[in-house]
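# Chains, contacts and geometry: an overview
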Amino acid sequence: MSEATDMPGAKVLVVGGGGREHAIVWALAKSPSVTEVLVAPGNPGTASEPGCRNMAIGATDITSLIDLAVAESVDLVVVGPEDPLVLGLVDRLAEHGIAAFGPSAAAAQLEGSKSHCKDFLLRNDIPTGRAQSFTDSVIALEYLADLAAPPVVKADGLAAGKGVIVAETHEEAAIAIREILDEGRFGEAGAEVLLEERLHGPEVSILAFCDGRSFHIMPAAQDHKRLLVGDEGPNTGGMGAFFPSPIADAELLAGIGRTVLAPSLAALAAEGRPYRGVLYAGMMLTADGPKVIEYNCRFGDPETEVVLPLLESDLYEILVACADGSLDDVDIHWSADAAVTIVMASGGYPVSSSEPVPISGIGSAAAADCTVFHAGTATDDGAIVTAGGRVLTVTAVRPTLTEAATAAHDGVALISFDGAQHRADIARATAEVRV
Ligand code: AMP
Ligand code: GLY
C-alpha cells in the first residue's frame, strides 16, 4: 500500500471470495501503487488484509458490481472467478469507461462452453484430444458403444470444476451421460455433453498474462484435481498445488507458447475478441507432445495461492498493463524459491456442504511462516468458522519444493476443524512419480 504521505494510489475492486481472490488481494495490498482494495464479496481473510474492505455484493450480481465500481470511482476491477466474466462484467465495465482485468464475455466463452473451446482448438490446429458433443443421450450412448476405450465425459458449461468425469469403464461413462443429459445433474451447464478421448500424462497449469496482443507465460504450476491421496476419488476444484513445476522447463514453456498460446491469442484477436487477462491452459504432457485439456479464462485456484507469493514484480502494474495493452513495457520477475499450497476442505466436499464448525490454529500456522488464504470461511461472534467447500489453503514458500512441502504440511497439521479433509501427498508425489 502507498503511505498516506505519498501521492494517492489506486483504488481497486476485486471480484470474488475464494482462496484465489484472497491471494490476489494479499498481493495487491503489498503493492506500493495501491491505496485501497474493495472486495466483493470477499471473505474474512480478505477483510483482514491492510487497506481492504469487503462489500456485501455477490460475484455474479453484475448490476450491483457496476454501481459499486462507478460510485467508488475505482481505477481497476480485477475479476477472479469465471462466472462474472462469462456473464459479461468486463464488457459492462467498459461501457462505463472502467478498466478491468479479465476477458470479455466473447473471449471467456473458451471456458464457458467446452464444446466451443474444442471447436476453437481444432479449427486453429492447436494440439488437443478428439471429442464429440451431444445433446441427446440416446445418440451419445450409441456413439459410446462404438468407442474402444471409455471417454472422459464433460458437461459443456460451467460446473465449478466438477463437471468432468474421467470414466474407467463404458458403464461409468454411460451413467455420467444419463445423469448429465437426462437427470440434470449440472442443470443448464449439462444441456450438452462432450465425450473426449482420454489422454495420459502429467498435467501442468500454464498461466499467461495477456494484453490482447502480447503475453507473458508464468512458470508452470501443478494442481492436484482429485479429492484423495494417490489421485483417487472424484475431481474437485483442486486440492493443492506447487510452483514451479520441475517437469516444465523453459523449453517446454516456450514450445507451449509457440504452439498453443500464440496461435490462440492471434485467432482470438482476428475474431474480434482480443484476450485480456489471464489465459490458463490446462495441459497434459502426452507421449505425442503437450495437449490442451481445457482453457480457463482466469487465474487458477489453488494455483494462484502458489504463483502470486513468488511474483516479485508489482501485481497492480501488471494487471493494469494487461487491461491497457502495454504488457511489453512491464518487467515481470519471479523469485527462485518454491511454493506449495494445501487445501483444507469441509466434510462432504465436493459432493455436499456441511454445517459451520469452528476453526482453530490459523494463527499457529501463520506463526510457523505459512500464509493461510481463506476460501469457505465466515465469522460467527468474532470467531472464524467454516462455510463449506474448500475452506482454507495453507501456503509455504521455501528455497526448495521439498522444504516448502514439509512446511505446508506442518502448517496444515496445526489447523483443525471437524470433518476437515486434505491430501497428505500434495507436492510429495515427486516429478518422477507423476511422469
Ligand atoms: P477440466 O475441467 O476439463 O480441466 O477437467 C478436469 C480434470 O479432468 C483435468 O484436470 C484432468 O485431470 C481430467 N481430464 C479432463 N480431460 C481429460 C482428458 N481428455 N484425458 C484425461 N483426463 C482428463
Ligand atoms: N485449479 C483448477 C482451476 O482453477 O480450474
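Our structure is the block above this text.
Residues numbered from 1 in each chain as written. Chains lettered and ligands numbered in written order. Predicted model: local features only at pLDDT ≥ 70, side-chain atom pairs only at ≥ 80, totals over all residues. Heavy atoms only, no water.

Let us look at the site of ligand 2. Around ligand 2 sit Asp-223, Lys-225, Gly-237, Tyr-280, Asn-296, Arg-298, Gly-300, Asp-301, Pro-302 and Glu-303, and those are all the residues in its vicinity. The separation between a nitrogen atom of ligand 2 and a polar side-chain atom of Asp-223 is 2.7 Å. Within the side chain of Arg-298, an N or O atom sits 2.8 Å from an oxygen atom of ligand 2. A total of 200 Å² of accessible area belongs to ligand 2 in isolation, and the protein chains cover 93% of it. Tallied by class, the residues present in the shell around ligand 2 amount to two nonpolar, three polar and five charged. (Near = heavy atom within 4 Å. Polar contact = N/O pair within 3.5 Å; in protein donor to acceptor, adjacent residues only side chain to side chain. Areas by Shrake-Rupley, 256 points an atom, 1.4 Å probe, with all protein chains shown as cover. Nonpolar A, V, L, I, M, F, W, Y, C, P; charged D, E, K, R; others polar.)

Around ligand 1, a shell composed of 15 residues is seen, among which Glu-196, Glu-197, Leu-199, Glu-203 and Glu-294 lie nearest. Residue Asn-235 places a side-chain N or O atom 3.3 Å away from an oxygen atom belonging to ligand 1. Within the complex, the protein chains bury 94% of what would otherwise be the 470 Å² of accessible surface of ligand 1. Looking at the shell around ligand 1, the elements with two or more residues in it are strand S7 (152-155), strand S8 (164-166) and strand S17 (289-296). Across the shell around ligand 1, the residue classes tally to six nonpolar, one polar and eight charged. (Helix = DSSP H or I, 4+ residues; strand = E, 2+ residues; numbered from the N terminus.)

This part covers the sheet that holds strand S10 (residues 203-211). Reading across from one edge, S11-S10-S16-S17 is the order of the four strands in this open sheet, with antiparallel pairing throughout. Among the strands making up the open sheet, the edge pair consists of strand S11 (215-217) and S17. Neighbour to neighbour, the strand axes of the sheet diverge by 30° on average, direction disregarded. In terms of strand pairing, strand S16 (residues 276-286) meets S17 through seven bridges, oriented antiparallel. The residue bridging Leu-285 from the neighbouring strand is Pro-290, located in S17. Along the sheet, helix H12 (residues 315-324) makes contact with S10 and S16, crossing S10 at roughly 70°. (Pairing = 2+ DSSP bridges. Axes fitted to C-alpha atoms, helices over the stretch in contact; angles between N-to-C directions. Contact = heavy atoms within 4.5 Å.)

Bringing the packing of helix H1 (residues 19-29) against H12 into the picture now. Across the interface, H1 lies against H12 with an axial gap of 8 Å and an inter-helix angle of 110°. Looking at the two axes, H1 sits roughly perpendicular to H12. For the pair formed by H1 and H12, the contact residues are Ile-24, Ala-27 and Leu-28 on the first element and Leu-315, Tyr-316 and Leu-319 on the second. Looking at the contact of H1 with H12 residue by residue, the class counts come to six nonpolar, no polar and no charged. (Parallel < 35°, antiparallel > 145°, perpendicular 65-115°, else oblique.)

With that settled, consider the nonpolar core. One finds Leu-13, Val-77, Ile-206 and Tyr-295 to be the most contacted residues of the largest nonpolar core, which totals 50 residues. Top element by residues in this core is helix H10 (residues 250-270). It accounts for seven residues. The residues touching Tyr-295, leaving out its near neighbours within four places in the chain, are Leu-110, Glu-111, Cys-117, Phe-120, Leu-121, Val-260, Leu-261, Ser-264, Leu-279, Tyr-280 and Ala-281. Of all hydrophobic cores here, the second largest spans 43 residues; its members include Val-14, Val-37, Phe-101 and Leu-315. (Core = buried A, V, L, I, M, F, W, Y, C linked by side-chain atoms within 4.5 Å. Buried < 20%, exposed > 50% of the residue type's maximum accessible area, 1.4 Å probe, protein only.)

Turning our attention to the packing of helix H8 (residues 137-145) against helix H9 (residues 170-181). Packing of H8 against H9 brings their axes to within 10 Å, and their N-to-C directions diverge by 165°. Comparing the axis directions of H8 and H9 gives the class roughly antiparallel. Between H8 and H9 the crossing geometry is right-handed. Packed against H8, whose contacting residues are Ser-137, Ala-140, Leu-141 and Leu-144, the element H9 presents His-170, Ala-173, Ala-174, Ile-177, Arg-178 and Leu-181 at the interface. Across the contact of H8 with H9, the residue classes break down as seven nonpolar, two polar and one charged. (Left-handed = near helix turned anticlockwise from the far one by under 90°.)

Let us look at H12. Residues that lie three or four places apart on an α-helix share one face, since the helix turns once every 3.6 residues. Restricting attention to buried positions, one finds in H12 the residues Leu-315, Tyr-316, Ile-318, Leu-319, Ala-321 and Cys-322. At the N-terminal boundary of H12, the capping side chain belongs to Asp-314, with an oxygen 2.9 Å from the backbone nitrogen of Tyr-316. After H12 finishes, the residue Gly-325 shows a positive phi value of roughly 80°.

Before going further, it helps to examine the side chain of His-22. Here His-22 is to be found in helix H1. Since its relative accessible area comes to 2%, His-22 is described here as buried. A polar atom in the side chain of His-22 sits 2.8 Å from the backbone nitrogen of His-374. Not counting residues within four places of it along the chain, the set of residues in contact with His-22 comprises Asn-43, Gly-45, Thr-46, Glu-49, Val-372, Phe-373 and His-374.

This part takes up the sheet that holds strand S5 (residues 100-101). If you walk across this open sheet you meet the five strands as S3-S2-S1-S4-S5, and the pairing is parallel. The open sheet has two edge strands, strand S3 (52-54) and S5, and neither has a second partner. Relative to S3, strand S2 (residues 34-41) runs parallel, the two being bridged by three bridges. Note that in S3 the partner of Leu-38 across the bridge is Arg-53.

Right, let's get into the state of the cysteines. Summed over the entire model, instances satisfying the criterion amount to zero disulfides. Cysteine Cys-117 remains unbridged, with the sulfur of Cys-297 as its closest cysteine sulfur at 10 Å. The class of Cys-117 is buried, set by a relative accessible area of 4%. (Disulfide = S-S within 2.5 Å.)

This part covers the pattern of salt bridges. In this structure the tally under the stated criterion is 21 salt bridges. Ionic pairing is found between Arg-130 and Glu-197, a salt bridge with its closest N-O pair at 3.7 Å. Pair noted here: Arg-130 is in the loop between helix H7 (114-123) and strand S6 (131-134) and Glu-197 is in the loop between strand S9 (193-196) and S10, with a separation of 67 residues, a long-range link. The class of Arg-130 is exposed, set by a relative accessible area of 60%. Across the salt bridge formed by Arg-423 and Asp-231, the nearest N and O atoms sit 3.0 Å from each other. Of the two residues, Arg-423 sits in the loop between helix H14 (401-413) and helix H15 (431-434) while Asp-231 sits in the loop between strand S13 (226-228) and strand S14 (232-235), which places them 192 residues apart along the sequence. (Salt bridge = Lys/Arg side-chain N within 4 Å of Asp/Glu carboxyl O.)

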